[in-house]
Amino acid sequence: MAKKAVALLLFLVLVVAAEAHHPEAHDGGRHKDAAAAPTHLHFYFHDTVSGKSPTAVRVLDPPSSSSPMTMFGMVNVMDDPLTEGPEQESNPVGRAQGLYMGSDQAKLGFLQAMNLVFTSGDFNGSTLALLGRNCPLDAVRELPVVGGTGAFRFARGYAQLRTHWLDFRTGDATVEYDVYVMH
Ligand SMILES: *[C@@H]1O[C@H](CO)[C@@H](O)[C@H](O)[C@H]1NC(C)=O
């Protein structure tokens, strides 16, 4: 009897220990190990501020006290298309929805807060939330990925932005995105 009780206790301890080591077993193993390689997403972002159907609109002009070089105080809201390739007509992969605002008094530097809403491929229906500093005239900008939904629940990571094309006259731009996410 005592032997049976000890055996049962030992069995329970082993089961509990095994569960503790494999918490992902509870969500069907979909949640990847933290040590696994991040998912790399590559696409292009098109910010059109000019013309009849802009995808980014000015909701606040910078005040007259701001230097035109910094746009400090400006607020733009965007619903910008994301595409596979650098051309606007390239396959759509999603939208970048949110805002960027001039928040640096010394240079052109935005606080950018947005959701990347994926509309095709493996991540269709999932979103990533990004919040960070974007100085659009720098060669490479890095924005933190602060969260996500769907396939990107528990997401963390970063995005690297590189301007692919910029029209200094209108401000329209195409930006290459490399996003690395653990999720
Ligand atoms: C993305 O998902 C939506 C909703 O399930 C679906 O209607 C749409 O066809 C999908 N798009 C692509 C490109 O797979």
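The name given to the protein in an unreviewed UniProt entry is Dirigent protein, with Setaria viridis as the source organism. You can read under Subcellular location (unreviewed entry) in the UniProt record for the protein the words "Secreted, Extracellular space, Apoplast". According to UniProt, the comment filed for the protein under the heading Subunit (unreviewed entry) is "Homodimer."

**Student:** When you look at the overall build of the protein in this model, what are you seeing that I'm missing?
**Tutor:** Tallying secondary structure elements over the protein gives one helix and nine strands in all. Taken from N to C terminus, the helices and strands of the protein fall in the order α-β-β-β-β-β-β-β-β-β. Expressed as a percentage of the 183 residues in the protein, the buried residues total 34%. Restricting the contact set of the protein to residue pairs at least 6 apart, pairs at least 24 apart contribute 46%. Surface exposure of the protein reaches about 11000 Å², of which carbon and sulfur atoms provide 61%.

**Student:** Where do I start with the site of the ligand in this structure?
**Tutor:** Every residue near the ligand is listed here: Thr119, Ser120 and Asn124. At a separation of 3.4 Å, a nitrogen atom of the ligand approaches a polar backbone atom of Thr119. One of the side-chain nitrogen or oxygen atoms of Asn124 is found 2.3 Å away from an oxygen atom of the ligand. Alone, the ligand offers 360 Å² of accessible surface; in the complex the protein occludes 23% of this.

**Student:** Help me understand the environment of Val57 in this model?
**Tutor:** Position of Val57 among the secondary structure elements: in strand β2 (residues 56-60). Given a relative accessible area of 38%, Val57 falls into the partly exposed group. For the pair formed by Val57 and Met78, sequence separation is 21 residues and the distance between their alpha carbons is 6.3 Å. In this view, Val57 contacts Val75, Asn76 and Val77; residues no more than four positions away in its chain are not counted.

**Student:** In this structure, what is going on with the nonpolar core? I would like to understand it.
**Tutor:** General note: in soluble globular proteins, nonpolar side chains tend to be found buried as a group. The biggest cluster of nonpolar side chains holds 28 residues, and the ones touching the most others in it are Leu41, Phe43, Met114, Leu116, Leu128 and Val179. When residues of this core are traced back to their parent elements, those giving at least two are β1 (39-47), β3 (75-83), β4 (92-102), β5 (110-118), β6 (127-134), β7 (141-149), β8 (156-166) and β9 (173-182).

**Student:** Would you take a moment to explain the side chain of His183 for this structure?
**Tutor:** By the element assignment, His183 lies in the segment after β9. At a separation of 2.8 Å, a polar atom in the side chain of His183 contacts the main-chain carbonyl oxygen of Ala151.

**Student:** Is there a simple way to explain the side chain of Asp172 in this structure?
**Tutor:** Position of Asp172 relative to the elements: it lies in the loop between β8 and β9. Buried charge without a partner: Asp172 forms no salt bridge, and the closest opposite charge is Arg169, 7.2 Å away. A distance of 2.8 Å separates a polar side-chain atom of Asp172 from the backbone nitrogen of Val49. Ignoring sequence-local partners within four residues, the contact set of Asp172 consists of Asp47, Thr48, Val49, Ser50, Trp165, Leu166 and Asp167.

**Student:** Looking at this model, I keep getting lost on a nonpolar patch on the surface. Mind explaining?
**Tutor:** Together, Val57, Val59, Leu60 and Val77 make up an exposed nonpolar region whose accessible area comes to about 310 Å². For the nonpolar patch, the element with the most residues is β2, which contributes three residues. Judged by its relative accessible area of 36%, Val77 is partly exposed.

**Student:** What exactly am I supposed to notice about unusual backbone geometry here?
**Tutor:** A negative phi holds for most residues other than glycine; trans holds for most peptide bonds. Positioned with a positive phi, Met71 is a non-glycine residue whose angle comes to about 55 degrees. Mapped onto the elements, Met71 comes out in the loop between β2 and β3. Met71 sits in the partly exposed class, given a relative accessible area of 22%. For Phe154, which is not a glycine, the phi torsion comes out positive at approximately 70 degrees. Relative to the helices and strands, Phe154 is located in the loop between β7 and β8. With relative accessibility at 65%, the residue Phe154 sits in the exposed group.

Parameters and conventions
- Residues numbered from 1 in each chain as written.
- Predicted model: local features only at pLDDT ≥ 70, side-chain atom pairs only at ≥ 80, totals over all residues.
- Heavy atoms only, no water.
- UniProt positions renumbered as here; feature names shortened; annotations may be inferred.
- Helix = DSSP H or I, 4+ residues; strand = E, 2+ residues; numbered from the N terminus.
- Buried < 20%, exposed > 50% of the residue type's maximum accessible area, 1.4 Å probe, protein only.
- Contact = heavy atoms within 4.5 Å.
- Areas by Shrake-Rupley, 256 points an atom, 1.4 Å probe, with all protein chains shown as cover.
- Near = heavy atom within 4 Å.
- Polar contact = N/O pair within 3.5 Å; in protein donor to acceptor, adjacent residues only side chain to side chain.
- Core = buried A, V, L, I, M, F, W, Y, C linked by side-chain atoms within 4.5 Å.
- Lys, Arg positive; Asp, Glu negative; His and termini not counted.
- Salt bridge = Lys/Arg side-chain N within 4 Å of Asp/Glu carboxyl O.
- Patch = residues over 30% accessible without salt bridge, like charges linked within 9 Å, V, L, I, M, F, W, Y side chains within 5 Å.

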